[in-house]
Each structure stands twice: as C-alpha cells, then as structure tokens.
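# Observations on chain architecture
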Amino acid sequence: MSIKWLLLFVISFCVVGLVITLIILRMLRQRESTLMYAAGKIVNIQGKKYRDWGSFLLQAYQVGMKIPLLSTYILQVQKRISYRYASDEPALRRVTMTVVLMIMGGYGSVSTVLFWLQPGIAFILLATLCANVLNSLVLDMCLSRMEKKLLVQMLDLFADVRHRYHQHGMVEEALYEASEAGTGEAAEQVRLIYEALTSPDPNEALERYYEVAPNRFLKGFAGVSYMVMEFGDKDKEQGSIYLQGLGNLTQEIHLEILRRDRLDYLLQGLNVIALVPVLFTGPIERWARVSFPTMDDFYRSKLGFITKISIYIIIIVAYLLLQRLQQYDETRYRSGKKQSSLDRFLYKQLFLRRLAMLFAAKPGTTPYNQTIRLMRESSTELKYEWLAIRRLLLFASCLVLTVGLILLLHQVERNHILHDPIRDDRMFGAMSEADLKVAREKTALDGKVMAYVEMKRAATYADISNALLQLAPAQLDHDAQTATIQRIIDKIEAYNNQYVRWWEIMLALLVGIGGYNLPVWLMLFQRKMRRLDMKHEIYQFQTVISILREMDRMSVEEIVEWLNRFAVIFKRPLQKCLLHFEHGPEQALEQLKEEVGLPEFQRLIDKLQLGLGKISIREAFDDLESMMAFYFEQRKQEYSRIIDIKAGWGRAIGFTPMYALIFMYLVIPLVGMSFVQMSMYYEQIQKL
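These notes cover the structure that comes with them. (Residues numbered from 1 in each chain as written. Predicted model: local features only at pLDDT ≥ 70, side-chain atom pairs only at ≥ 80, totals over all residues. Heavy atoms only, no water.)

## Examining the pattern of salt bridges
For the structure shown, the criterion picks out 17 salt bridges. Between aspartate 446 and lysine 491 there is a salt bridge; the shortest N-O distance is 3.2 Å. Taken together, the residues aspartate 446 in helix H19 (residues 433-452) and lysine 491 in helix H21 (residues 478-496) connect sequence positions 45 residues apart. Of the two residues, aspartate 446 and lysine 491, neither departs from the other in class, the shared state being buried. In the salt-bridge network here, residues are joined through shared partners; they are Glu147, Glu256, Arg259 and Arg260. (Salt bridge = Lys/Arg side-chain N within 4 Å of Asp/Glu carboxyl O. Helix = DSSP H or I, 4+ residues; strand = E, 2+ residues; numbered from the N terminus. Buried < 20%, exposed > 50% of the residue type's maximum accessible area, 1.4 Å probe, protein only.)

Put into structure tokens, the structure is as follows:
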C-alpha cells in the first residue's frame, strides 16, 4: 500500500468520525425538546435514543482504551475535563469520547482539504500542525462553554439558596432544598457541598471538595456556608453576614460573566483568521510559479524554504498567543506536588543530574536565591534539580534542532543547484513543454560535468571544457559553450559554498541559550500573570474575615487557620506562618509579610498584627467594607483595561499571519525578483 492510499484511508476514517459526531450532537440537542405524555407518565423517546448513543459512547471508550496510541490520547483528553465530572465517571467517559470524535472528525475534514491543496511532504507537516491546533481549540472551546454555563447556573442557584435561607434560617436546609429543586451541574455541586458539610468530619470533607471544585466561587461558597454553620449567623447594619457573603459572590460572578462575554466578542474569529494562511501557501506558490517563472527559483532556493518555515512559525506563534489571550484564568494553580514520571526518570540518571548541576547556580549564591524565589512566586512545583535538568535538555534540543535545520537548508540549496531546471530569465509566463525539456537537458548535462570534475573548487575553464567535449550529446557553438562553462563554474562555486559558517554556529548557540533560559522566562511571565489571581484570593480572604470578625472570642491564629483552609496561591506561606506561630505570633506574621511581596496582602497582615492584642479584631478591620468596595471597583477598571489591551493585541496578532503570507511569500519576493530581472534586461539592452 502506497503512502498516498494510506493517507486517504486515514482521512476517510476521520471523516466518518466527523459524521458520527454530528449525528451524536444532533441527538443531544433534540433530547431536551421531545417529551411525550402517555399512559399517565412522561415518555422520553429521544431520551431512549440518547441512552442508546450514550451506550455507544461508552462502548467506543472501552474499544479506544484497547488501542495503544488512541488510549493515551483519550486519557489526556479525559484528564483535561476530569475536574468537571469528579463524581460521575460514566458522564466523564461519554463527554470524553464526544470530544475525541469531534476532534477526529474535524481533523479528517481539514486534512482532506489540505491533501487536495498541498499533497506530499507539506501535507504531513501541515496535518501535524492542524492536529495540535484542533486538539487545543476544541478542548478550550468545550471547557469555556462548560465554565460559562456553570457560572450562569450558579447565579440562579445562589438566588434560590438566599430565598430558602430566608424561609428556614438554616444553611443546611437551604442547601438541601436548593440542590433538590435545581438542575444542572450547579445543583450537583451544591449537593456535594451539602454532603461535605453534613458529614461526620466536615473539615476533611471540605478539603477533599476544594481539590475538585470547578472554580473559586464554589470554594468560597462552601467555606462561607461552613463558617456560618459552625459559628452561627449574625445580623449587622447591612443585614445577615451569610447573605452578605452570598451577595459578594454573586457580584463577583456577574463581573466574571461580563468579562468573558466581552472578551469573547472582541476576540471572536481571530483563531480562524490566524490559521487560514495555512491553506493558501500552496495555491499562492503555484500561481506565482505559473505567472512569474523567476519566482520558481525563489521558492526552490534556501531563502524560499526559510520564508516558508518562517510563515509556519508565525502562524503557530500567533495561534499560541491568541490562545493565551483568550484564557480567562491566568493560572490554574493547585497546591501540592506535581510530579512527573519523566522528571523522576531523568533525575535518577546520575551523569545527567551532575552535568545539569554543573551549569546551574550553586546554593548560597545570589542567582540561586533569585531562582528559588522566582519558583516560589510563580507556583512552579518542581525541584531545583528538575528545573536544572529541564534547562539543560532544552539547551541541547534547541542546539541540535537548529544545527539540523542549518544542515537541511544547505542540503536544500545543493539540491536546488543540482536538479532544478535552468530557466531563461528573459521569458514571461509559464515555460512551454519544449522549453522545459531543453532546460532539464541543460541541468542534466551540468550535473554530469560537475560529477566528472568531482565538484572540485579548483576546476579550471579548460577542465570543464574538456568534460563538455566528452559528455555533451552534441557539439556546442562557441557562445553556448562559453555560457555553459560559466554557468557550471558558478554552480560549482555555489555548491562548495554550502558549508556551515561560524555565524551559523553562533546562531545555533544563541538559540540554545534561549532554550536554556526559556523556563525562567516562562516563570517570569507566569509570576506577572498570577498577580490578578492573587488579588482574587485576597478578595476572598476579605470575605472570610468579614464573617469571622463578627464572631465572639475569635483570635488571630484562628483567622490564619481559616485563611489557610481557603488559600491556594498563599497556602504554603500561611502554613509556614502557622508552624511558627507558637514561637512568636509577631515574628511569624512578619515573616509572612516578607515572603509575600504583594502590597494588598501585606496590608491584610498589618491589620492582623494590630489584632494580636493592641486592639480587637473587629476594630482592626473596621474599614473592611470600604476596602472591599474599593478593590472591587479597582478590579472592574483593571478588567476593562486588560480586555482593551487584549483586544488590540489580538487584532494585531490575528492578522499577522495573513500579512506575512501576502508580503513575505508573494509581494516582497516578486518585487525583489522583478528588480533582478530588470537589471538583467538593462544589461542586455546595453549590449545591443
């Protein structure tokens, strides 16, 4: 079986998967609108069909898990969406297979178009690129819709909890009735919270729930409900502290939904615009070659190959940046060790570990301390030795890939010199079959002569002339022989110039150094992005303190313990503070301030220090409501500013691949080749 038929078989299989996926999605949409009443009870005909399709998806999941490569991919998809269905394994498997079939079907349809436009090696490269893009795009789209749907459901559910709390005055009753009356994922999450709060050990049950909670709003809701259940509710001038906490969470959800809607509106369609140039590189290249024969030399040359690779790199980078701009949660940090089997395996290699530590900063030095602090502030759950090994491997990988690319470019140029037909630059339009045959004969003759003189740079005019006399099928006239010999001399010189130069080695070293520093740059970027998440968590701390400060006999240590329960980003500093609290509360809080450099968090710790004995906790946080209102308005303005910045960057990045394709791959080469051709015509006119 040839590679062409194998690719066609794979594409056909993916297209069949797309058809099956569309049928499944149609059945899912019709399920909710086809209920019939018969014999005194509801009969859901489409629901039965949905159950049949659900069984099909479960069977497809079992079959897919038996296929080696497909099973690995299914597990990766399942891991991405597992936190949405933590307590429903069948639903998780059905959704996983639906997403997998959607990706396979979409990949099959796109691959069909690519195979039709650009068959050959280019198809394999572009198909690999599209596979990664579609995988990320579909997963992000599905997760975004799930998250937004959950937020909308939470608004209705929180309103129901508020209503039932007014009726009963008991948190557990309000949660139970709201979860029973509600539908959807939000009701399921409230049911899990109710089970955790009414379990024999609520603390442990809540800790387990925090690990699988879909978003920070549900974690805050669970924590506020537990505090009111344990300490009781109190009425203030603004009303019940429990209802006030629900109001703060509802306000936060409204802000989050508006932010998502506006960002989706401003950035919609940019992913497609950034990826469309992938489909047009082949058609543009074919049109330019047919219309302007001199462009064929450019596309076959090393410069043309570099330009094509650069355009693909621009497309990939633009897509990745757009994906980053469209993310709603700047970090998805979870506390705890994130160990990788690959990291552990590499760490066990003694030679590799020692070599990596040889280039890494030594403990006790300033660069070492800066790296450790950066790892802590960016929530990088890695050992320092693992980071050093990763940096060394990235350096080696980037260096080897760059050197390999340089060697490949030189080989492309050698093939261009040896095998590409010799064209007459004075011609416009496409070459005729007769002219193309003559050009190929000239190329073949040049190749024989160059092989005869063994590509020696020292080959003289006489050597090449003697080779022509022996190898030429017919005697050439004086002008044709002179032109042929000069052309062969130029080819031999160009061929021998295809060696690795010193500046190319320096370029490879610079790329390797860039790869070595890439993890540090990513941690710097991640630390910057985490600032907004840290402010989110501080606002949640303020909501917790607004409830705790009203409780009788509340101490600073108990407040720190409660903050530690709700903490994600600040969890480790708070745990250290609790460990050192017995040896001196003032010193423990001061150390906590030094470890976390965020001003808003430091002001919060300052107030806790005042509550150690100088004044009461209620007096220390007497301006908490005004602070929360100020931070909320500040974040609204910050959201608006960030969205405007993202929209501007998104438009610029989204259209960059299109501009690069038009100008780098068509306009600029065409203008350059036109100038070259004009200079040749000018020289020929002068010789007349």
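## Concerning a negative patch on the surface
The grouping of Glu230, Glu557, Glu558, Glu561 and Glu582 at the surface amounts to a negative patch. In terms of residue count, the dominant contributor to the negative patch is helix H23 (residues 556-566) (three residues). Relative to the assigned elements, glutamate 582 resides in the loop between helix H24 (571-579) and helix H25 (585-595). Glutamate 582 sits in the exposed class, given a relative accessible area of 74%. (Patch = residues over 30% accessible without salt bridge, like charges linked within 9 Å, V, L, I, M, F, W, Y side chains within 5 Å. Areas by Shrake-Rupley, 256 points an atom, 1.4 Å probe, with all protein chains shown as cover. Lys, Arg positive; Asp, Glu negative; His and termini not counted. Charge placed at Lys NZ, Arg CZ, Asp CG, Glu CD.)

## Here we look at the packing of helix H6 (residues 171-181) against helix H7 (residues 185-197)
Working note: a packed helix pair is described by the angle between its axes plus the distance between those axes. With their axes 8 Å apart at the nearest point, H6 and H7 run at an angle of 145° to one another. Crossing angle aside, the handedness with which H6 passes H7 is left-handed. For the pair formed by H6 and H7, the contact residues are Glu172, Leu175, Tyr176 and Ser179 on the first element and Ala187, Val190, Arg191, Ile193, Tyr194 and Leu197 on the second. Of the residues in the contact of H6 with H7, the class split is seven nonpolar, one polar and two charged. (Axes fitted to C-alpha atoms, helices over the stretch in contact; angles between N-to-C directions. Left-handed = near helix turned anticlockwise from the far one by under 90°. Contact = heavy atoms within 4.5 Å. Nonpolar A, V, L, I, M, F, W, Y, C, P; charged D, E, K, R; others polar.)

## Some thoughts on the packing of helix H18 (residues 384-419) against H21
Here H18 crosses H21 at 165°, and the two axes come no closer than 10 Å. The angle between the axes of H18 and H21 places the two elements in the roughly antiparallel class. Considering only the axes of H18 and H21, their crossing is left-handed. Contacts between H18 and H21 pair Arg414, Ile417 and Leu418 from the former with Lys491, Ala494 and Tyr495 from the latter. The class makeup of the residues in the contact of H18 with H21 is four nonpolar, no polar and two charged. (Parallel < 35°, antiparallel > 145°, perpendicular 65-115°, else oblique.)

## Here we look at the packing of aromatic side chains
Under the defined criterion, the tally for this structure stands at 11 aromatic pairs. Here phenylalanine 298 and tyrosine 299 contribute two aromatic rings whose centre-to-centre distance is 5.4 Å and whose plane-to-plane angle is 65°, an arrangement assigned as edge-to-face. A single burial state applies to phenylalanine 298 and to tyrosine 299, both of which are buried. Aromatic pair phenylalanine 541 and phenylalanine 601: ring centres 6.5 Å apart, planes at 55°, arrangement tilted. Of this pair, phenylalanine 541 sits in helix H22 (residues 502-548) while phenylalanine 601 sits in helix H26 (residues 599-610), placing them 60 residues apart in sequence. Classification of phenylalanine 601 as buried rests on a relative accessible area of 0%. By the ring-pair criterion, three or more aromatic residues cluster together here, those being Phe298, Tyr299 and Tyr665. Between arginine 414 and the ring centre of tyrosine 495, over which it is positioned, the NZ or CZ distance is 5.9 Å. Its guanidinium or amino end placed over the ring of tyrosine 499, arginine 501 lies 4.6 Å from that ring's centre, counting from NZ or CZ. (Phe/Tyr/Trp six-rings, centres within 6.5 Å; stacked < 30°, edge-to-face > 60°. Lys NZ or Arg CZ within 6 Å of the ring centre and 35° of its normal.)

## Concerning a nonpolar patch on the surface
There is a patch of nonpolar side chains on the surface, built from Leu407, Val500, Trp502, Trp503, Ile505, Met506, Leu507, Leu509 and Val511 and spanning about 840 Å² of accessible area. Among the elements that take part in the nonpolar patch, H22 stands out by supplying seven residues, more than any other. Assignment of secondary structure puts tryptophan 503 in helix H22. By relative accessible area, tryptophan 503 is classed as partly exposed at 44%.

## Side note on the side chain of threonine 250
Within the element layout of this structure, threonine 250 appears in helix H10 (residues 241-267). Contact partners of threonine 250, with chain neighbours within four places excluded, come to Leu155 and Phe158.

## Focus: the environment of serine 82
Its location among the elements puts serine 82 in the loop between helix H3 (68-81) and helix H4 (89-117). By relative accessible area, serine 82 is classed as partly exposed at 28%. C-alpha of serine 82 to C-alpha of proline 214: the two residues are 132 residues apart in sequence and 9.9 Å apart in space.

## Observations concerning the environment of glutamine 251
Among the secondary structure elements, glutamine 251 is positioned in helix H10. Overall, glutamine 251 belongs to the partly exposed group, its relative accessible area being 35%. The spacing of glutamine 251 and phenylalanine 632 is 381 residues in sequence and 9.2 Å in space, taken between C-alpha atoms. With sequence-adjacent residues up to four places away left out, glutamine 251 is seen in contact with Tyr539 and Phe632.

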